[in-house]
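Descriptive structure summary
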Amino acid sequence: MRDDDAALALRALGWIVGDEPRAERLLATTGLTPDGLRAALGQRATLAAVLAFLTAYEPDLVACAAALDIEPEALAAAARRLEGQEGQRA
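These lines cover the structure that appears in this document, whether it is placed above or below. (Residues numbered from 1 in each chain as written. Predicted model: local features only at pLDDT ≥ 70, side-chain atom pairs only at ≥ 80, totals over all residues. Heavy atoms only, no water.)

Before going further, it helps to examine the packing of helix H2 (residues 20-30) against helix H4 (residues 44-55). Where H2 contacts H4, the two axes come as close as 11 Å, and the packing angle between them is 115°. At the point where H2 passes H4, the crossing takes the right-handed sense. Of the residues in H4, those touching H2 at Arg22, Arg25, Leu26, Thr29 and Thr30 are Ala49, Val50 and Phe53. Of the residues contributing to the contact of H2 with H4, the split by class is four nonpolar, two polar and two charged. (Axes fitted to C-alpha atoms, helices over the stretch in contact; angles between N-to-C directions. Helix = DSSP H or I, 4+ residues; strand = E, 2+ residues; numbered from the N terminus. Left-handed = near helix turned anticlockwise from the far one by under 90°. Contact = heavy atoms within 4.5 Å. Nonpolar A, V, L, I, M, F, W, Y, C, P; charged D, E, K, R; others polar.)

Structural data, given as structure tokens:
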């Protein structure tokens, strides 16, 4: 796992939890509880799930990218790397 991908996922998570309805949607989508999410923050799968949550809904992806001052594709690429899909495309 690249440190910058993990850091980006954590920054994105900070943006997500800044909005209660969005945070609740993340928890509902992932099946995690707030305590479970905190406990699993160091796990690659959890960080991948955070970014996958964003890439699954373009308005959130674009808004998060703007808030973090990065391109949406940077979030999507980090999600692919964390999911282990980077470099495996045909």
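As a further point, take the pattern of salt bridges. Side chains that differ in sign of charge can pair as their charged atoms come close. Tallying each qualifying case throughout the model produces six salt bridges. Residue Arg81 pairs with Asp5 through a salt bridge whose shortest N-O separation is 2.7 Å. On the criterion of sequence distance, the pair formed by Arg81 in helix H6 (residues 72-82) and Asp5 in helix H1 (residues 3-17) is long-range, its members being 76 residues apart. Each member of the salt-bridge network shares a partner with another, and the members are Asp19, Arg22, Arg25 and Asp60. (Salt bridge = Lys/Arg side-chain N within 4 Å of Asp/Glu carboxyl O.)

Under the relative-accessibility criterion, Asp5 is labelled buried at 2%. When neighbours within four sequence positions are excluded, Asp5 is seen to be in contact with Ala78, Arg81 and Leu82. (Buried < 20%, exposed > 50% of the residue type's maximum accessible area, 1.4 Å probe, protein only.)

What follows concerns the packing of H4 against helix H5 (residues 58-68). Two elements in contact, H4 and H5, have axes whose closest approach is 6 Å; the angle formed by their N-to-C orientations is 110°. With respect to H5, the axis of H4 lies roughly perpendicular. On H5, the residues that touch Phe53, Leu54 and Thr55 of H4 are Glu58, Asp60, Leu61 and Cys64. Looking at side-chain class alone, the contact of H4 with H5 contains four nonpolar, one polar and two charged residues. (Parallel < 35°, antiparallel > 145°, perpendicular 65-115°, else oblique.)

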